[in-house]
Amino acid sequence: MTATNRPLACVILAAGKGQRMKSKGPKVMNELLGWPMIKWLLESVRRLEPDRIIVVVGPGMEELVQAVHPCEAVLQPQQDGTGSALKSAMGLLQKFSGDVLVILGDTPMITTASLWHLIQARRQSADVGIAVLATEMANPTGYGRLLLDADGNVVRIREEKDASLQEKQVRLVNTGAFCMDGKRLERWLGSLNNRNAQKEYYITDLPEIAARDGYKTRVHVTFDNDEVRGCNTRAELFALERIAQQRMREHFMERGVAMQDPQTVYFHFDTVLGENVTIEPNVYFGPGVEIGDGTRVRAFSHLEGVKIGSKSVIGPFARIRPGTVLGDEVRIGNFVEIKKSSIGDRSKVSHLGYVGDCEMGEDVNFGCGAITVNYDGFEKHNTLIGKGVMVGSNSNLIAPLIIDDGAFIAAGSTITQNVPADALSVSRAKEEVRKGWAAIYRQKKTERTTKKPKPVKDKTDPQKVES
Ligand code: UD1
Ligand code: MG
């Protein structure tokens, strides 16, 4: 996507402790739509096809190093500012004479398009040493303010903590994304000092230093505040999550997905929905959900790790757990849980059931309240159900178990033995009908609760009758 053949290196600063976030691991590992912030950034950056991507990490951030692999990670031994973080990456960019795109790890929603425009702003002319991505915020509190000269060049960037009252009025803010001339960067970094309110080495001092060296800093402005919002606190993370969710909803609606109340539907970063899908209110998509054309997910359903075919109906109140594959025209009804199972086309699990570790063929009717008993307290076992099987209501299918094609399981059965094709398997306690028993029982109970009980003529004591 880069317009010229000039080499491009991208450095992502992610070594900060994230103290304001108060999370245990690195701040950039906090998730948006279930995906770490750093992954969102890497995705946008990769589309630029840079020659190198370097992520600056702090001590003990092995988890982050793994997450960014195969991108290079470099250690910033001491978290003493964004300028110092960039310095840490320079060891890897010794002979690099292209452009260096610097991005803060806590601005995860930045778009490839804005980064591309930023790079072009730096490449406008040879005397532009730095380009900065800016935006105008209605409330700029917390952001570095851009102070410009009459020609629109950046004179300096003033951090909130160092800004005068007048400077705080400026609403054009630093998003933290810069594109810099790699040939001069090391020299400029050498001039940084930490004489500021936070006693840190600020990357934001570089425009002033470049200006002293005869180079300009140009600004590229994005009008979309949301894509460049920083994420320092839990509240800001929540705000970003809301924005990201809304973007997903709009993305799906543009592709023809029908939603009655989109604000109550929550997606994951990797949710895939086909054409003509309908999502009723209050549905949660966890990771790894793929839904085929024309399928309807009814209200209050929770789905994760499932691939669903077309024209199926899921829910209301269904829970689908990871490792599940549902075919076409499948019906999963209310209060049904499916885990790590495959269910063939046109099969139905319509009410109150549990299907776990099960391979179910096509055209099966899995009756109300029936369950696979897949766990013996130590291990999980599989149930295989062939095509066209009828599982009667309230059956317990004790795994490991094979029920062959066309078999019939009588309602209320507890099945422990394999069932051959087209057979009936029934396993119930012997049924007994005792005529008049209930009437006698009621009479006796009534007499006992009165003050002067009369002797009962019948000798049968209903209490002693086995029930
Ligand atoms: C920074 C900018 C501010 C800008 C805002 C945009 C500076 C001095 N300030 O402020 O002008 O408006 O972002 O969101 O740059 N980091 C390191 N090592 C460090 C310190 C930070 O790698 O020693 C990383 C952090 O992990 C983070 C990023 O740099 O991803 C930004 O640091 P942060 O502390 O969030 O800066 P802000 O106060 O938000
Ligand atoms: Mg920040």
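A. Geometry of the coordination of the magnesium ion (ligand 2). Surrounding the magnesium ion (ligand 2) are the protein donor atoms Asp106 (OD) and Asn232 (OD1), at 2.0 to 2.1 Å. Pair noted here: Asp106 is in the loop between strand S6 (99-104) and helix H4 (112-122) and Asn232 is in the loop between strand S11 (216-221) and helix H8 (234-254), with a separation of 126 residues, a long-range link. Accessibility classification places Asp106 together with Asn232 in one group, the buried group.

B. Spotlight on the layout of surface pockets. Volume-wise, the largest pocket comes out at about 1200 Å³. Around the largest pocket, the lining comprises 40 residues; the ones closest to its centre are Arg20, Lys27, Thr82, Asp106 and Asn232. For the lining of the largest pocket, the secondary-structure elements that each account for two or more residues are helix H3 (82-90) and strand S10 (172-181). Here the lining of the largest pocket gets three residues from one element, more than from any other, and that element is S10. Residues that form the lining of the largest pocket fall into these classes: 10 nonpolar, 20 polar and 10 charged. As a volume, the second largest pocket reaches approximately 410 Å³. Taken together, 17 residues form the lining of the second largest pocket, with Leu33, Trp40, Met109, Arg247 and Met248 sitting closest to its centre. Every element with two or more residues in the lining of the second largest pocket is listed here: helix H1 (37-46) and H8. Its residues placed into classes, the lining of the second largest pocket shows nine nonpolar, four polar and four charged.

C. Representation of the sheet that holds strand S33 (residues 401-403). Strand order in the open sheet formed by eight strands is S14-S17-S20-S23-S25-S27-S30-S33, with parallel pairing between adjacent strands. Sheet topology places strand S14 (272-273) and S33 at the edges, where each strand pairs with a single neighbour. As paired elements, strand S30 (residues 383-385) and S33 share three bridges and run parallel to each other. The partner of Leu384 across the bridge, within S33, is Ile402.

D. Spotlight on the nonpolar core. Counting 53 residues, the largest nonpolar core has Ile279, Phe285, Leu303 and Ile332 as its most contacted members. The element that contributes the greatest number of residues to this core is H8, accounting for six residues. Residue assignment places this core across two domains, with domain 1 (8-228) and domain 2 (255-425) each supplying three or more. Leaving out residues up to four positions away in the same chain, Leu303 has contacts with Val283, Tyr284, Phe285, Gly286, Val289, Ile291, Val297, Ile308 and Ile320. Counting residues in hydrophobic clusters, the runner-up holds 34 residues, among them Val102, Leu104, Ala134 and Leu189.

E. Representation of the domain arrangement of the protein chain in the model. Here the protein chain is partitioned into domain 1 (8-228) and domain 2 (255-425). Here domain 1 and domain 2 have C-alpha centroids that lie 48 Å from each other.

F. Molecular detail of the side chain of Thr107. Tracing the chain through its elements places Thr107 in the loop between S6 and H4. Of the polar contacts made by the side chain of Thr107, one reaches the backbone oxygen of Leu104; its length is 2.9 Å. In this view, Thr107 contacts Leu41, Thr175, Val228, Arg229 and Gly230; residues no more than four positions away in its chain are not counted.

G. Molecular detail of the site of ligand 1. Every one of the 25 residues lining ligand 1 counts as a neighbour, but Ala15, Gly16, Gln76, Glu159 and Asn174 are closest to it. At 2.6 Å from an oxygen atom of ligand 1 is found a side-chain nitrogen or oxygen belonging to Glu159. Here an oxygen atom of ligand 1 and a backbone polar atom of Asn174 are 2.6 Å apart. Listing elements by their share of the shell around ligand 1, those giving two or more residues are H3 and S10. Tallied by class, the residues present in the shell around ligand 1 amount to eight nonpolar, 12 polar and five charged.

Analysis parameters
- In this numbering scheme, every chain counts its residues from 1 along its sequence in written order.
- Here every chain gets a letter starting at A, and every ligand a number starting at 1, in the order they are written.
- At least 70 in pLDDT is required for a residue's local features to be given in this predicted model, at least 80 for side-chain atom pairs to be given and counted, and no such filter applies to totals for whole chains, interfaces and linings, which use all residues.
- By convention in this description, side-chain values take in all heavy atoms of the structure and omit both hydrogens and water.
- Donor atoms are limited to N, O and S found within 2.8 Å of the metal ion, a distance that becomes 3.2 Å for Na, K and Ca. With water left out, some sites might look partial.
- Secondary structure elements follow DSSP: runs of H or I no shorter than four residues count as helices, runs of E no shorter than two count as strands, and numbering proceeds from the N terminus.
- For the exposure calls, accessible area comes from a 1.4 Å probe over protein chains only, and a residue counts as buried if that area is under 20% of its type's maximum, exposed if over 50%, partly exposed in between.
- As defined here, a cavity is a set of points on a 1 Å grid over the protein atoms alone where a 1.4 Å probe fits but cannot get out. A pocket is an open set with protein on both sides within 12 Å along at least five of seven lines, and residues line them when an atom is within 4 Å of a point.
- Grid points are joined across faces, edges and corners, and a volume is the space filled by probe spheres set on the points.
- Asp, Glu, Lys and Arg are counted as charged, while Ala, Val, Leu, Ile, Met, Phe, Trp, Tyr, Cys and Pro are counted as nonpolar; the rest, among them Gly, fall into the polar class.
- Paired strands, as defined in this entry, are two strands with at least two bridges between them according to DSSP.
- Only buried Ala, Val, Leu, Ile, Met, Phe, Trp, Tyr and Cys residues count toward a nonpolar core, and they belong to the same one when joined by side-chain atoms within 4.5 Å.
- Domain limits in this description derive from either an automatic procedure or a database domain assignment.
- Whether two residues are in contact is decided by their heavy atoms, any of which lying within 4.5 Å being enough.
- The term polar contact refers here to a pair of N or O atoms within 3.5 Å; inside protein, the definition further demands a hydrogen-donor-capable atom paired with an acceptor-capable atom, and it admits residues adjacent in sequence only when both atoms are side-chain atoms.
- Throughout this document, a residue counts as near a molecule or strand when at least one of its heavy atoms sits within 4 Å of that molecule or strand.

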